[in-house]
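# Coordinates in review
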Amino acid sequence: MGNLDSSGGFQQSGHSHALLLLLLLASGAEAFRICAFNAQRLTLPKVAREPVMDTLVLILARCDIMVLQEVVDPTGSAIPLLLRELNRLDDSGPYSSLSSPLLGRSTYKEKYVYIYRSHKTQVLDSYVYDDKDDLFAREPFVGQFSLPSKVLPSLVLVPLHTTPKAVEMELNALYDVFLDASQHWQSKDVILLGDFNADCGSLTQKRLDSLVLRTQAGFQWAIADGVDTTVRASTHCTYDRIVLHGERCQGLLRSAAAFHFPRSFGLTEEEALNISDHYPVEVELNRAGHRLPCLSLATVLLPSLLLLPLLPPQLGLVA
Ligand SMILES: *[C@@H]1O[C@H](CO)[C@@H](O)[C@H](O)[C@H]1NC(C)=O
């Protein structure tokens, strides 16, 4: 596998630099991507299979912070192996990881794992939510991260993988986790994310609409109802979600989508299901607010854009 480009694969040469600059102008500066992925029973034997590893590396390399869920790894060696291969195959790292303890009520336990580009972001602090009333099958492993943005120097992440049996209760309890984390770090800028099972057989539209996270003002459900986050052609459910809170955080939102990795990587449904039955979900944050960049960036870059055709290719800008 060749080197990957975190920005999504611009491998430009010579005269296409002008096009690249135009794209940059259109999209603003480089974005910061936060992802959540239910990697479906991620074990060491699964990670060690080459097609699985290769695809996971490609998925992870898209993200500045990834929240992996359903990591079932009692030996604790799946993530170090994954991280080693990610750092070997992708040069836009280095990447680091932070795992929660194994969480679960029975012998079946899962971990949440953050994988992040450590030259762009750092874990400032983290804790497992104190789930006194045992409301969660897998209580959120909340983290505070630094961000390369003057507008928003830090951000709180609240991941959750609900159990399909108690989606409504867990998602209402998630509001209390939001309050707890928000108070803990004195921050309104919080992203709640993960496989909420918030659709289809697990949660009716009526119950979804009556969740506290829906009725309370201030929460933006970036992955909207109707987005398919499932791999199977026979299912169409918005299980995986990203919810933004805080004006600064919401002001930086550039895009939100499920990442259709089978289509992007040319995998059949069967091959894709060997990775997961879920798509990753992703949000892109701008580094600066919406009001600033467009005009000022154009003013700065326009002269160089006009000069580009005059330059020999090897002197052109490097992406
Ligand atoms: C899925 O993984 C299994 C176990 O490694 C393998 O035998 C099978 O061929 C894979 N299926 C596809 C379609 O890649």
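As the structure is a prediction and not an experimental result, all values here were calculated from the model.

### Section: the UniProt feature "active site" (unreviewed entry) in the protein chain
The UniProt record annotates "active site" (unreviewed entry) at Glu110 and His161. Spatially, the listed residues are clustered: although they cover 52 residues, their C-alpha atoms lie within 9.4 Å of one another. Checked against the lining of the second largest pocket, the annotated residues reduce to Glu110 and His161. Setting aside residues no more than four positions away along its own chain, glutamate 110 makes contact with Glu70, Val71, Val72, Pro101, Leu102, Leu103, Arg138 and His161. At 2.6 Å, the side chain of glutamate 110 and the side chain of tyrosine 108 are in polar contact. Tracing the sequence through the fold places histidine 161 in the loop between β7 (154-159) and α5 (167-184).

### Structural notes on the state of the cysteines
Applying the stated criterion across every chain, the model contains two disulfides. Paired through a disulfide, cysteine 35 and cysteine 63 show a sulfur-sulfur distance of 2.0 Å. Handedness here is read from the sign of the S-S torsion; for cysteine 35 and cysteine 63, about -105°, the answer is left-handed. With cysteine 35 in strand β1 (residues 32-42) and cysteine 63 in the loop between α3 (50-60) and β2 (65-71), the pair connects residues that are 28 residues apart, well separated along the chain. When sorted by exposure, cysteine 35 lands in the same class as cysteine 63, which is buried. Across the disulfide, cysteine 200 is cross-linked to cysteine 237 (sulfur-sulfur distance 2.0 Å). Sign of the S-S torsion, about -100° for the bond between cysteine 200 and cysteine 237, identifies this disulfide as left-handed. Taken together, the positions of cysteine 200 in the loop between β8 (190-195) and α6 (205-209) and cysteine 237 in the loop between β9 (219-221) and β10 (240-245) put the pair 37 residues apart, joining distant regions of the chain. Here the cysteine-cysteine linkages of the protein chain are recorded as 1-2, 3-4, numbering only bonded cysteines and doing so in sequence order.

### Some words on the layout of surface pockets
Of the voids in this model, the second largest pocket is the one considered here, and its volume is about 370 Å³. In terms of lining residues, the second largest pocket is bounded by 20 residues, among which Arg138, His161, Thr162, Thr163 and Pro164 are the most central. Of the residues contributing to the lining of the second largest pocket, the split by class is four nonpolar, eight polar and eight charged.

### Digging into the side chain of glutamate 284
As for its position among the elements, glutamate 284 is in strand β12 (residues 281-285). A distance of 3.3 Å separates polar atoms of two side chains, one belonging to glutamate 284 and the other to arginine 33. Reaching out from glutamate 284, the side chain makes a polar contact with the side chain of serine 255 at a distance of 2.9 Å.

### Remarks on the confidence of the model for the protein chain
For the protein chain, the mean per-residue pLDDT works out to 89, and 81% of the residues sit at or above 70. Note on residues 5-12: pLDDT is under 50 here. Beyond four places in sequence and across chains, it has eleven contacts. A low-confidence stretch, residues 291-296 (pLDDT under 50), is modelled with one contact involving residues beyond four sequence positions or located in other chains.

Definitions and limits used
Residues numbered from 1 in each chain as written. Predicted model: local features only at pLDDT ≥ 70, side-chain atom pairs only at ≥ 80, totals over all residues. Heavy atoms only, no water. UniProt positions renumbered as here; feature names shortened; annotations may be inferred. 1 Å grid on protein atoms, 1.4 Å probe; cavity = no way out; pocket = protein on both sides within 12 Å on 5 of 7 lines; lining within 4 Å. Contact = heavy atoms within 4.5 Å. Polar contact = N/O pair within 3.5 Å; in protein donor to acceptor, adjacent residues only side chain to side chain. Helix = DSSP H or I, 4+ residues; strand = E, 2+ residues; numbered from the N terminus. Disulfide = S-S within 2.5 Å. Buried < 20%, exposed > 50% of the residue type's maximum accessible area, 1.4 Å probe, protein only. Points joined across faces, edges and corners; volume = space filled by probe spheres on them. Nonpolar A, V, L, I, M, F, W, Y, C, P; charged D, E, K, R; others polar. pLDDT = per-residue confidence, 0-100.

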